[in-house]
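Structural characterization, general
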Amino acid sequence: MKRINKKTVGLTLVAMLIVWVAIKAYQYNQPGEVPPFYIQESGDWEASVTSPDIQREHLFIQSGNIKLEADLLIPADGIGKKGAVIFITGSSANTYQAYLGIAQKYVQELFLPRDTAVLFLNKRGMGESEGNWKHNDFQGRAEDLYAAVQFLQQHPAIDPDRIGIMGHSQGGYIVPITAAQHEDVAFFISLVGPTRMVWEQMEDDIENGLRCQGVTDEELQKEVASLMKWARLEANVGKLLPLGEADIQAGIMDYGPRQALQTVKSPGLLVFAENDPLVPVDKNLARFNEIFNGNPPDNLQTVTISGARHSLRLTNMCLTSIDEFLSAPLSDELVEILQTWLDEQGF
């Protein structure tokens, strides 16, 4: 009787462990939720896109077997076909509706007054989009973005020859890929997108985060090496067990934008930020120059925003609190730079 009880208890514990692992694996594999402070600080999305001056179309764009949520905003004067720009967000769980004001200030408020339509696109699994971004590598994101370009090319209010693309952070990796593969993309703008390889960018982020915590010298190098070892292990696990962040890390960690930048023909603007700990301006400009042996092509231009962090807010690299971050204003200098560059492109 005792043997039976022990065996039953053992099997029960094993079953409980299997259920626990399955639950954790399921949770790990989900796209995730937008952080609450993103929503809190992003303003009222519906109010921002509700205006007599805007013709809004909330729609879904087909990319392969996936439908992606989008909002198309068209200047409502009804005069002629409009040029357009498509905006995509960065990594992790986020939506264009709650993107800390970046989508409004540098896309909506910039392009609509220029008589240019704006299309915001949510990545897989975010907002009302189908799928899961954790199972979509950079080529997949580029294909999703180009599906939006093709959608606009067929829209009766849009000029098919005047469609540009714009991405922030990881989105800055995606836009040159898309433009390099499709010469019908009129221009691309990378907002603090890296020019270094993904694993190098991860290392930069870790190193600067530790520096801001006061870690220095040999201890700093040891901690960076240790954390990168675990990141590489996660990516290797993802090659065998395609779950969650491990899956996407397996697909992107060794990516670098060298080929895309060397082959893209469309005009491109690469924006960096002076106080960016994730995409440090010195290392990324050095890599950009190295890619072109110090002689970049005329179609590509780089600029650095004074005093700005990765969020394009004017604050120091090392933050003391989330309140310091949230209270910092977005850069007005970037608005002027974008206006000037678009004027030069005749857009």
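Residues numbered from 1 in each chain as written. Predicted model: local features only at pLDDT ≥ 70, side-chain atom pairs only at ≥ 80, totals over all residues. Heavy atoms only, no water.

Turning next to the pattern of salt bridges. Oppositely charged side chains are able to pair whenever their charged atoms sit close together. For the coordinates displayed, the defined rule picks out 15 salt bridges. For Arg114, the salt bridge goes to Asp343, with nearest N and O atoms at 2.6 Å. One end of the pair, Arg114, is in the loop between helix H4 (102–111) and strand E4 (116–121); the other, Asp343, is in helix H13 (residues 333–344), with 229 residues separating them in the sequence. Classification of Asp343 as exposed rests on a relative accessible area of 52%. The partner of Arg258 in a salt bridge is Glu290, with the nearest N and O atoms 2.8 Å apart. Of this pair, Arg258 sits in helix H10 (residues 258–263) while Glu290 sits in helix H11 (residues 281–291), placing them 32 residues apart in sequence. (Salt bridge = Lys/Arg side-chain N within 4 Å of Asp/Glu carboxyl O. Helix = DSSP H or I, 4+ residues; strand = E, 2+ residues; numbered from the N terminus. Buried < 20%, exposed > 50% of the residue type's maximum accessible area, 1.4 Å probe, protein only.)

Taken as a whole, this structure holds 1 disulfide when the rule is applied. Here Cys212 connects covalently by a disulfide to Cys318, the sulfurs 1.9 Å from one another. Because the sign of the S-S torsion sets the handedness, a value of about -75° for the bond joining Cys212 and Cys318 places this disulfide among the left-handed ones. On the criterion of sequence distance, the pair formed by Cys212 in helix H7 (residues 198–212) and Cys318 in the loop between strand E8 (300–305) and helix H12 (322–327) is long-range, its members being 106 residues apart. Residue Cys212 is classed as partly exposed on the basis of its relative accessible area, which comes to 32%. (Disulfide = S-S within 2.5 Å.)

Take the pairing of strand E2 (residues 66–75) next. Within a regular strand, the side chains alternate between the two sheet faces. Within E2, 9 of the 10 residues are buried, leaving the element largely enclosed by the surrounding structure. Direction of pairing for strand E1 (residues 54–63) relative to E2: antiparallel, over a ladder of 10 bridges. Along E2, the bridge assignment pairs Ile61 with Leu68. Taken together, E1 and the strand that follows it, E2, pair antiparallel across an intervening segment of 2 residues, in which Gly64 is found at a positive phi of about 65°. Two strands pair when backbone bridges link them, and E2 and E4 are joined in this way by 4 bridges, in the antiparallel orientation. When the sheet's bridge partners are listed, Ala70 is paired in E4 with Leu121. (Pairing = 2+ DSSP bridges.)

Let us now look at the sheet that holds E8. The strands that make up a sheet are held in pairs by hydrogen bonds between backbone atoms, and each pair lies either parallel or antiparallel. Taken together, the 8 strands give an open sheet; going across it, the order is E1-E2-E4-E3-E5-E6-E7-E8, and neighbouring strands pair in mixed fashion. Across the chains shown, the open sheet's two edge strands, defined by having one partner strand only, are E1 and E8. Averaged over all adjacent pairs, the angle separating strand axes in this sheet is 20°, with direction ignored. Contacts from H4 reach E1, E2, strand E3 (82–88), E4, strand E5 (158–168) and strand E6 (188–191) within the one sheet, and its direction differs from that of E4 by about 155°. This element, H13, spans E5, E6, strand E7 (268–273) and E8 of the sheet and lies at about 165° to E8. (Axes fitted to C-alpha atoms, helices over the stretch in contact; angles between N-to-C directions. Contact = heavy atoms within 4.5 Å.)

Okay, the layout of surface pockets next. A probe matching the size of a water molecule, rolled over the atoms, marks out where space remains unfilled. There is about 1,000 Å³ of room inside the largest pocket. Along the walls of the largest pocket sit 44 residues, with Ser91, Ser92, Ser169, Asp205 and Leu278 positioned nearest its centre. Among the secondary structure elements, those contributing two or more residues to the lining of the largest pocket are helix H2 (36–41), helix H5 (138–153), helix H6 (170–181), H7, helix H9 (244–252) and H12. It is H7 that provides the largest number of residues to the lining of the largest pocket, a total of 8 residues. Tallied by class, residues from the lining of the largest pocket come to 25 nonpolar, 14 polar and 5 charged. (1 Å grid on protein atoms, 1.4 Å probe; cavity = no way out; pocket = protein on both sides within 12 Å on 5 of 7 lines; lining within 4 Å. Points joined across faces, edges and corners; volume = space filled by probe spheres on them. Nonpolar A, V, L, I, M, F, W, Y, C, P; charged D, E, K, R; others polar.)

With that out of the way, let us pick up the packing of aromatic side chains. Applying the stated criterion to the full structure yields 12 aromatic pairs. Geometrically, the ring pair formed by Phe187 and Phe347 is edge-to-face, given 4.7 Å between the ring centres and 80° between the ring planes. Taken together, the positions of Phe187 in the loop between H6 and E6 and Phe347 in the segment after H13 put the pair 160 residues apart, joining distant regions of the chain. According to the relative accessible area criterion, Phe187 is buried, its value standing at 1%. Owing to a relative accessible area of 11%, Phe347 belongs among the buried residues under this scheme. Three or more aromatic residues joined by ring pairs form one cluster here, namely Trp45, Phe87, Tyr96, Tyr99 and Phe120. Positioned over the ring face of Phe347 is Arg162, at 4.4 Å from the centre of the ring. (Phe/Tyr/Trp six-rings, centres within 6.5 Å; stacked < 30°, edge-to-face > 60°. Lys NZ or Arg CZ within 6 Å of the ring centre and 35° of its normal.)

Take the nonpolar core next. Counting 60 residues, the largest nonpolar core has Ile61, Ile86, Leu119, Leu121, Leu152, Ile165 and Phe188 as the members making the most contacts within it. Those residues within four positions of Phe188 in sequence are excluded, and the remaining contacts are Ile165, Val175, Pro176, Ala179, Val264, Ser266, Pro267, Gly268, Leu269, Leu270, Leu300 and Trp341. By size, the runner-up hydrophobic cluster in this structure holds 36 residues, among which are Tyr99, Ala103, Ala308 and Leu330. (Core = buried A, V, L, I, M, F, W, Y, C linked by side-chain atoms within 4.5 Å.)

Looking now at the packing of H4 against H13. The N-to-C vectors of H4 and H13 enclose an angle of 45°; their axes lie 10 Å apart at closest approach. Taken together, the axes of H4 and H13 are oblique relative to one another. The way H4 lies across H13 gives a crossing that is right-handed. Mapping the contact onto sequence places Lys105, Tyr106, Leu110 and Phe111 in H4 and Leu334, Val335, Leu338, Gln339 and Leu342 in H13. Partitioning the contact of H4 with H13 into residue classes produces 7 nonpolar, 1 polar and 1 charged. (Parallel < 35°, antiparallel > 145°, perpendicular 65-115°, else oblique. Left-handed = near helix turned anticlockwise from the far one by under 90°.)

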